[in-house]
Amino acid sequence: MGTYLCPWCLKEEFSWSNLGLNCDNPSLFLTSQWPRFSEGCFVIYRVVLAMVVTAWLVFNIIDEVQTFYYNDVKVWFAYATNWGFLLLGIILVLLAIQSLVYYCCQKKLPKDGSLPANIKFTWMLYNMASNSNLVISICFWVFLVFMDNSFYFGSIDSETKHSFNSVVILMDLFVTATPIRLLHFIYPVSLGLLYAFFNIVYFLMDGPGPDGRNHYVYAVMDWNKPGTATGAVFLGLGLSLVCQIVLFGLYKLRVFIHDKCYSSKEYGDEMNKIIEDEDNHNYDSIQKEDDETTH
């Protein structure tokens with residue numbers, strides 16, 4: 001696996017071109033990594049996954065607003081978890097529509113290998129959703145579940161929700177052929193900074209939290225304690241960078257497994273064909289010589 005994570009490969013990964021949303025193979029975003037996963041099956045997978053997550057999202061909003069937020073729907077949108085979960089639902093729906101359009105309508109990709117604007121947009125959102133949901137799950141299971149005593153964070157619904165999102169992300173990462181770039185951590189970090197700004201404004205406007213608690217959504221982001229809250233923000237941003245490295249490593253692992261499982265076989269088939277052609281050529285040559293000797 002050294003060739004996949006060699007210093008030279010990592011040096012190329014940090015080139016300025018990888019900071020943007022550029023890729024010379026647009027088909028990677030519309031297919032599975034695995035050859036046996038046909039285009040039709042991949043479209044079905046995209047549609048089913050989008051439907052499942054969307055159904056869960058709608059149920060979660062209705063259930064939590066009634067159970068924890070006193071029928072005040074705006075509180076649901078105050079949580080970083082729900083930002084990530086909502087973004088996950090949006091990107092999966094967009095990817096399903098995108099797959100359907102290109103497959104069913106036979107829409108052609110640019111012949112010059114350039115990445116269409118719609119695929120660039122979904123790639124950016126996909127990266128933000130993947131990274132942010134991993135950060136959310138880690139923060140919940142490592143910090144919030146032990147440090148925040150609110151009824152909401154201790155509920156079975158909350159524990160399931162903070163696990164299901166990352167399961168979906170990791171599963172999809174190993175199904176799709178979508179590439180991951182290390183430098184794309186700037187997009188989830190930007191999202192994290194946007195949420196931090198929102199959280200400050202929400203606090204200053206006395207926005208309600210769970211269990212009727214006012215001013216702050218998370219105990220670690222109580223801006224009456226600016227040092228602790230600022231530390232929580234930087235911790236989240238640092239975790240975002242770590243999660244991007246993890247996603248990149250898993251992406252390289254996926255490509256490595258694919259190359260080991262399929263490239264060797266294809267190489268072997270090609271070599272067998274070459275050998276077979278050479279044998280046929282030799283046989284034809286011998287037959288020709290025999291014919292000439294006979295005549």
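The structure under discussion appears in the preceding block.
**Student:** Could you clarify how one ought to interpret the overall build of the protein chain in this entry?
**Tutor:** Counting secondary structure elements, the protein chain contains eight helices and zero strands. Start at the N end of the protein chain and walk to the C end: the helices and strands fall as α-α-α-α-α-α-α-α. Taking contacts inside the protein chain between residues at least 6 apart in sequence as the whole, the part at least 24 apart equals 77%. Accessible surface computed for the protein chain: about 15,900 Å², of which carbon and sulfur atoms make up 67%.

**Student:** How do you make sense of the packing of aromatic side chains when you look at a structure like this?
**Tutor:** Centre-to-centre distance and the angle between the planes together describe a pair of aromatic rings. All told, the structure shown has 15 aromatic pairs when counted by the stated rule. Geometrically, the ring pair formed by tyrosine 79 and tyrosine 218 is edge-to-face, given 5.5 Å between the ring centres and 85 degrees between the ring planes. Taken as a pair, tyrosine 79 in the loop between helix H3 (73-76) and helix H4 (80-104) and tyrosine 218 in the loop between helix H7 (186-204) and helix H8 (226-294) lie far apart in primary sequence, 139 residues in all. Summarising the burial analysis for this pair, tyrosine 79 and tyrosine 218 share the class buried. Note on phenylalanine 140 and tryptophan 141: the rings are 5.1 Å apart at their centroids and 90 degrees apart in plane angle, and the pair reads as edge-to-face. For phenylalanine 140, a relative accessible area of 0% translates into the label buried. Here a set of aromatic residues connected by ring pairs shows up, and it is made of Trp83, Tyr195, Phe198 and Tyr202.

**Student:** Mind showing me how you'd approach the environment of phenylalanine 29 here?
**Tutor:** By secondary structure assignment, the location of phenylalanine 29 is in the loop between helix H1 (7-13) and helix H2 (39-67). Classification of phenylalanine 29 by relative accessible area gives buried; the value is 5%. Considering only alpha carbons, one finds phenylalanine 29 and serine 99, 70 residues apart in sequence, at a separation of 8.8 Å. Setting aside its immediate chain neighbours within four residues, phenylalanine 29 contacts Cys23, Gln98, Leu115, Ile119, Trp123, Thr178 and Pro179.

**Student:** When you look at the pattern of salt bridges in this model, what are you seeing that I'm missing?
**Tutor:** Pairing between side chains of opposite charge can happen when their charged atoms approach one another. Summed over the entire model, instances satisfying the criterion amount to three salt bridges. Here arginine 46 and aspartate 172 are joined by a salt bridge, their closest N and O atoms 2.7 Å apart. Residue arginine 46 is located in helix H2, and its partner aspartate 172 is located in helix H6 (residues 156-175); the two are separated by 126 residues in the primary sequence. Exposure remark for arginine 46: the relative accessible area of 2% places this residue in the buried category. Judged by relative accessible area, aspartate 172 falls into the buried class, the value being 2%. Of the charged contacts in the structure, one is a salt bridge between aspartate 72 and lysine 74, with a shortest N-O distance of 2.7 Å.

**Student:** What's the story with the packing of H4 against H7 in this structure? I'm lost.
**Tutor:** Axis angle and axis distance: for two packed helices, these are the angle between their axes and the distance between the axes, and together they describe the pair. Relative to each other, H4 and H7 sit at 135 degrees, their axes nearing to 11 Å. Looking at the two axes, H4 sits oblique to H7. H4 and H7 meet at a crossing whose hand is right-handed. Side by side, H4 and H7 meet where Ala80, Trp83 and Leu87 of the first sit next to Leu191, Leu194, Tyr195 and Phe198 of the second.

**Student:** Is there a simple way to explain the nonpolar core in this structure?
**Tutor:** Within the largest apolar cluster, 64 residues are counted, with the highest numbers of intra-cluster contacts made by Val53, Tyr69, Leu88, Ile91, Leu92, Ile180 and Tyr218. When residues of this core are traced back to their parent elements, those giving at least two are H2, H3, H4, helix H5 (117-147), H6, H7 and H8. Here this core gets 11 residues from one element, more than from any other, and that element is H5.

**Student:** I keep staring at the environment of serine 240 and nothing clicks. Help me out?
**Tutor:** Along the chain, the position of serine 240 falls in helix H8. Looking at serine 240, the relative accessible area reads 4%, which means it is buried. It is 7.0 Å that separates the C-alpha atoms of serine 240 and phenylalanine 185, two residues lying 55 residues apart in sequence. Discounting residues that sit within four places of it in the chain, serine 240 has contacts with Asn131, Val135, Phe185, Pro188 and Val189.

Criteria and cut-off values
Residues numbered from 1 in each chain as written. Predicted model: local features only at pLDDT ≥ 70, side-chain atom pairs only at ≥ 80, totals over all residues. Heavy atoms only, no water. Helix = DSSP H or I, 4+ residues; strand = E, 2+ residues; numbered from the N terminus. Contact = heavy atoms within 4.5 Å. Areas by Shrake-Rupley, 256 points an atom, 1.4 Å probe, with all protein chains shown as cover. Phe/Tyr/Trp six-rings, centres within 6.5 Å; stacked < 30°, edge-to-face > 60°. Buried < 20%, exposed > 50% of the residue type's maximum accessible area, 1.4 Å probe, protein only. Salt bridge = Lys/Arg side-chain N within 4 Å of Asp/Glu carboxyl O. Axes fitted to C-alpha atoms, helices over the stretch in contact; angles between N-to-C directions. Parallel < 35°, antiparallel > 145°, perpendicular 65-115°, else oblique. Left-handed = near helix turned anticlockwise from the far one by under 90°. Core = buried A, V, L, I, M, F, W, Y, C linked by side-chain atoms within 4.5 Å.

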